[in-house]
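What the coordinates show
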Amino acid sequence: MERVMDVMEKLAEGIEEQRPISSDMIMGNIGMLLECNDEYHYGKEEDILLPFLEEIGKNEIKESIQSCIAQYRENDKLLATIIDSVDGHSNGDMDATIRIMENIREFVANVRPLYLNEDEEIFKPLKKNLTTEEMDRLSEKFQDFDYEWDGPTLNNYQKLVREMELKASYNVW
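The present account deals with the structure reproduced in this document. (Residues numbered from 1 in each chain as written. Predicted model: local features only at pLDDT ≥ 70, side-chain atom pairs only at ≥ 80, totals over all residues. Heavy atoms only, no water.)

Quick notes on the packing of helix H2 (residues 23-55) against helix H4 (residues 76-90)
Operational definition: Each axis is a line fitted through C-alpha atoms, taken for helices only over the stretch in contact, and angles between the N-to-C directions span 0 to 180 degrees. Only runs of H or I of at least four residues qualify as helices and only runs of E of at least two qualify as strands under DSSP, and these elements are numbered from the N terminus. The scheme is simple: roughly parallel for angles under 35 degrees, roughly antiparallel for over 145, roughly perpendicular for 65 to 115, oblique for anything else. Each crossing is labelled by how the near helix is turned from the far one, with a counterclockwise turn of less than a right angle marking it left-handed and a clockwise turn marking it right-handed. Throughout, a contact is declared for two residues whenever any of their heavy atoms are within 4.5 Å. Only Asp, Glu, Lys and Arg are considered charged, only Ala, Val, Leu, Ile, Met, Phe, Trp, Tyr, Cys and Pro nonpolar, and every remaining residue, Gly among them, polar.
Between H2 and H4, the least distance of the axes is 10 Å, while the angle of their chain directions is 155°. Relative to H4, the element H2 lies roughly antiparallel. Considering how the two elements wind past one another, H2 and H4 form a crossing that is left-handed. Packed against H2, whose contacting residues are Ser-23, Ile-26, Met-27, Ile-30, Leu-33, Leu-34 and Asp-38, the element H4 presents Asp-76, Leu-79, Ile-82, Ile-83, Val-86, His-89 and Ser-90 at the interface. Here the contact of H2 with H4 is built from residues that sort into nine nonpolar, three polar and two charged.

Some thoughts on the pattern of salt bridges
Note the threshold: Whenever Lys or Arg places a side-chain nitrogen within 4 Å of a carboxyl oxygen from Asp or Glu, that contact is recorded as a salt bridge. Only protein chains enter the calculation, and the probe is 1.4 Å; a residue is then buried if its accessible area is under 20% of its type maximum, exposed if over 50%, and partly exposed in between.
All told, the structure shown has eleven salt bridges when counted by the stated rule. Close ionic contact of Glu-134 with Lys-58 constitutes a salt bridge, the shortest N to O distance being 4.0 Å. Pair noted here: Glu-134 is in helix H7 (residues 132-148) and Lys-58 is in the loop between H2 and helix H3 (59-73), with a separation of 76 residues, a long-range link. Residue class for Glu-134 comes out buried when judged on its relative accessible area of 11%. Assessed through its relative accessible area of 23%, Lys-58 is described here as partly exposed. Overlapping salt bridges bring together Asp-6, Glu-9 and Arg-112 as one network.

Section: the packing of aromatic side chains
Quick note on the threshold: In summary, the pairing rule links any two rings of Phe, Tyr or Trp, Trp by its six-membered ring, whose centres are within 6.5 Å, and it sorts them by plane angle into stacked for under 30 degrees, edge-to-face for over 60 and tilted for everything else. Two thresholds decide whether a charge sits over a ring: the Lys NZ or Arg CZ must be within 6 Å of the ring centre and within 35 degrees of the ring normal.
Enumeration over the complete set of coordinates arrives at two aromatic pairs. The interplanar angle of 45° and the centroid separation of 6.3 Å between the aromatic rings of Tyr-72 and Tyr-115 together place this pair among those described as tilted. On the criterion of sequence distance, the pair formed by Tyr-72 in helix H3 and Tyr-115 in helix H5 (residues 94-116) is long-range, its members being 43 residues apart. For the residue pair Tyr-72 and Tyr-115, the accessibility class agrees, reading buried in each case. Each residue in the set Tyr-72, Phe-107 and Tyr-115 is aromatic and connected to the rest through ring pairs, giving one cluster. Its end group placed over the ring of Phe-142, Lys-44 keeps NZ or CZ at 5.2 Å from the ring centre.

Here it is in structure tokens:
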């Protein structure tokens, strides 16, 4: 996700420098965020981790993780504004283009620290408060989710991110 944040910053930089940034490039990046991050990453936490913590009575950790997810979700409105502004951007509406740039920058500024703190906020408390048996059960649930996931595999995801990085570099430099 850190690399996707870098691409988003490149897009905002390109917009600021008045370089032509295609709507497809913007929507591709937003699509990557929505599918891989929201559906996969937070899907694991919301659909597996939180119910598991409730099942085993670890409500304090559950509430802490819900708080982290809520902080991320507060930024969904920024992505929605970007999506809503893409048509205007395509039609040359400078106000829409500026909204995209501003919302990208705000999203990155808000969300990047959440990714960077995830280990401290989520994984360390799990390792500290769950037994080995509970961690094993949770790992199995995550593996089942991974096997059933119909989105991009890790290799495809990495390839898509690399393609976005290259396209953003061509557009911005």
